[in-house]
Amino acid sequence: MSRRPNTSRRFADGGSIPFVGGLHPKSRPSPLLSIGLVVVGALLIVGYLYHGSGGRSGDVAALNRLDGGVSCTLELQRLIPILKKAYGDSTRKVLHVGPETCSVVSQLLKEEDTEAWGLEPHLLDDVDGNCKSLVRKGVVRVADIKFPLPYRPKSFSLVIVSDALDYLSPRYLNKTVPELARVSSEGLVILSGYPGHQRAKVAELSKFGRPAKFRSSSWWVRFFVQTSLEENETAIKKFEQAAAKKSYKSACQVFHLKPLH
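Everything numeric in this text was worked out from a predicted model, so none of it was measured. (Residues numbered from 1 in each chain as written. Predicted model: local features only at pLDDT ≥ 70, side-chain atom pairs only at ≥ 80, totals over all residues. Heavy atoms only, no water.)

Engineer: Give me the overall build of the protein: which residues, what numbers.
Structural biologist: Along the backbone of the protein there are 10 helices and six strands. Within the protein, counting contacts between residues at least 6 apart in sequence, those at least 24 apart form 72% of the total. Carbon and sulfur atoms provide 57% of the accessible area of the protein, an area that totals close to 15,300 Å². (Helix = DSSP H or I, 4+ residues; strand = E, 2+ residues; numbered from the N terminus. Contact = heavy atoms within 4.5 Å. Areas by Shrake-Rupley, 256 points an atom, 1.4 Å probe, with all protein chains shown as cover.)

Engineer: Quick rundown of the side chain of serine 162? Include the residues and the values.
Structural biologist: Within the fold, serine 162 resides in strand β4 (residues 156-162). The buried category is assigned to serine 162, whose relative accessible area is 0%. Within the structure, serine 162 has its side chain in polar contact with the side chain of threonine 73 (distance 2.9 Å). Those residues within four positions of serine 162 in sequence are excluded, and the remaining contacts are Cys72, Thr73, Leu76, His96, Val97, Gly98, Pro99 and Leu191. (Buried < 20%, exposed > 50% of the residue type's maximum accessible area, 1.4 Å probe, protein only. Polar contact = N/O pair within 3.5 Å; in protein donor to acceptor, adjacent residues only side chain to side chain.)

Engineer: Break down helix α5 (residues 101-109) for me, citing the residues and quoting the values.
Structural biologist: Burial analysis of α5 places seven of its nine residues in the buried class, which makes it a mostly covered element. Within the span of α5, buried status applies to Thr101, Cys102, Ser103, Val104, Val105, Ser106 and Leu108.

Engineer: How would you summarise the state of the cysteines if you had to cite specific residues and measurements?
Structural biologist: For the coordinates displayed, the defined rule picks out two disulfides. Each disulfide pairs two cysteine sulfurs, and for cysteine 72 the partner residue is cysteine 252, the sulfurs being separated by 2.2 Å. Every disulfide takes its handedness from the sign of the S-S torsion; for cysteine 72 and cysteine 252 that torsion is -110°, giving left-handed. Highlighted residues: cysteine 72 in helix α4 (residues 72-87) and cysteine 252 in the loop between α10 (233-245) and β6 (253-257), separated in sequence by 180 residues. Between the sulfur atoms of cysteine 102 and its disulfide partner cysteine 131 the distance amounts to 2.0 Å. Because the sign of the S-S torsion sets the handedness, a value of about 55° for the bond joining cysteine 102 and cysteine 131 places this disulfide among the right-handed ones. Of this pair, cysteine 102 sits in helix α5 while cysteine 131 sits in helix α6 (residues 129-136), and the two are 29 residues apart along the sequence. No difference in accessibility class separates cysteine 102 from cysteine 131, as the two residues are buried. (Disulfide = S-S within 2.5 Å.)

Engineer: How would you explain the packing of aromatic side chains if you had to name every residue and give the values?
Structural biologist: What the rule picks out here adds up to eight aromatic pairs. The interplanar angle of 85° and the centroid separation of 5.2 Å between the aromatic rings of tryptophan 219 and tryptophan 220 together place this pair among those described as edge-to-face. Residue tryptophan 219 is classed as partly exposed on the basis of its relative accessible area of 23%. The buried category is assigned to tryptophan 220, whose relative accessible area is 0%. When the ring of tryptophan 219 is compared with that of phenylalanine 223, the centres are 5.6 Å apart and the planes differ by 10°; the resulting orientation is stacked. Note that tryptophan 219 and phenylalanine 223 are positioned in helix α9 (residues 217-226) at a spacing of four residues, about one turn of the helix. We classify phenylalanine 223 as buried; its relative accessible area is 3%. (Phe/Tyr/Trp six-rings, centres within 6.5 Å; stacked < 30°, edge-to-face > 60°.)

Engineer: So, unusual backbone geometry: which residues are in play, and what are the values?
Structural biologist: The phi torsion at lysine 154 lies on the positive side, around 55°, for a residue other than glycine. Relative to the assigned elements, lysine 154 resides in the loop between β3 (140-142) and β4. Unlike most non-glycine residues, serine 228 shows phi in positive territory, near 60°. Of note, serine 228 is situated in the loop between α9 and α10.

Engineer: Please provide a residue-by-residue account of the sheet that holds β4, values included.
Structural biologist: Pairing is mixed across the open sheet formed by six strands, whose spatial order is β3-β2-β1-β4-β5-β6. Each edge of the sheet is formed by a strand with only one pairing partner; in this case those strands are β3 and β6. Along the sheet, successive strands turn relative to each other by an average axial angle of 15°, direction set aside. Bridge analysis of β4 against strand β5 (residues 184-192) gives six bridges, and the strand direction is parallel. Of the residues in β5, the one forming a bridge with serine 162 is leucine 191. Here α5 sits on the sheet in contact with β1 (93-97), β2 (115-120) and β3, set at roughly 175° to β2. Its contacts with the sheet place α9 against β5 and β6, and it is angled at close to 20° to β6. (Pairing = 2+ DSSP bridges. Axes fitted to C-alpha atoms, helices over the stretch in contact; angles between N-to-C directions.)

Set out below in structure tokens:
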């Protein structure tokens, strides 16, 4: 923990009393004092953003606000109650695929009658104790989603993916999305960014090796048809009804697909 500058000693060494100099028009504040106040203020702001955030997920939320981007994983955490309403019993065993999956899994585990698992598409770094515990228990795993997933067919009732597919080229999407549908028994939910609404960040480039490519809804629909994946009309209708009741509009595109049979 950083130590705050000993301002009281500084004032004593200078032979002056705080704020008394402000009464004299010719007096000027010490440059070191001004720098110290700026540093302390910055630390207080960072501490406020981090406080109560639960670790890295709070960092992501703060960075997204500052950088003007939108995290679909953060958006997913707001959408979980709506997805629970839309999918009902299909949320009894959920797999989340995407960055910050420890935060999503932790939230899902708080839901009644929900078993949650996570798959992180890149190496974990700077994680908190809760995430380390989930990894030790095998609840959260790290795997490259460009290759076959380490799960048997229909291992989960519902698979949800966020902030991962936007970084894959069509070459890998052709393999990865059907794989995600393969391990689901009742449905696949994909959260993708809107074109022009997000921009790739340096941290994302270092993790995924390429900038995000945000595709239009029409592009995704064509892709689903080409890969023989069907949109889940029943789930779409229930999701829209649940979102309308809460007057909620997602900042990301949300697609509902049927599993592979």
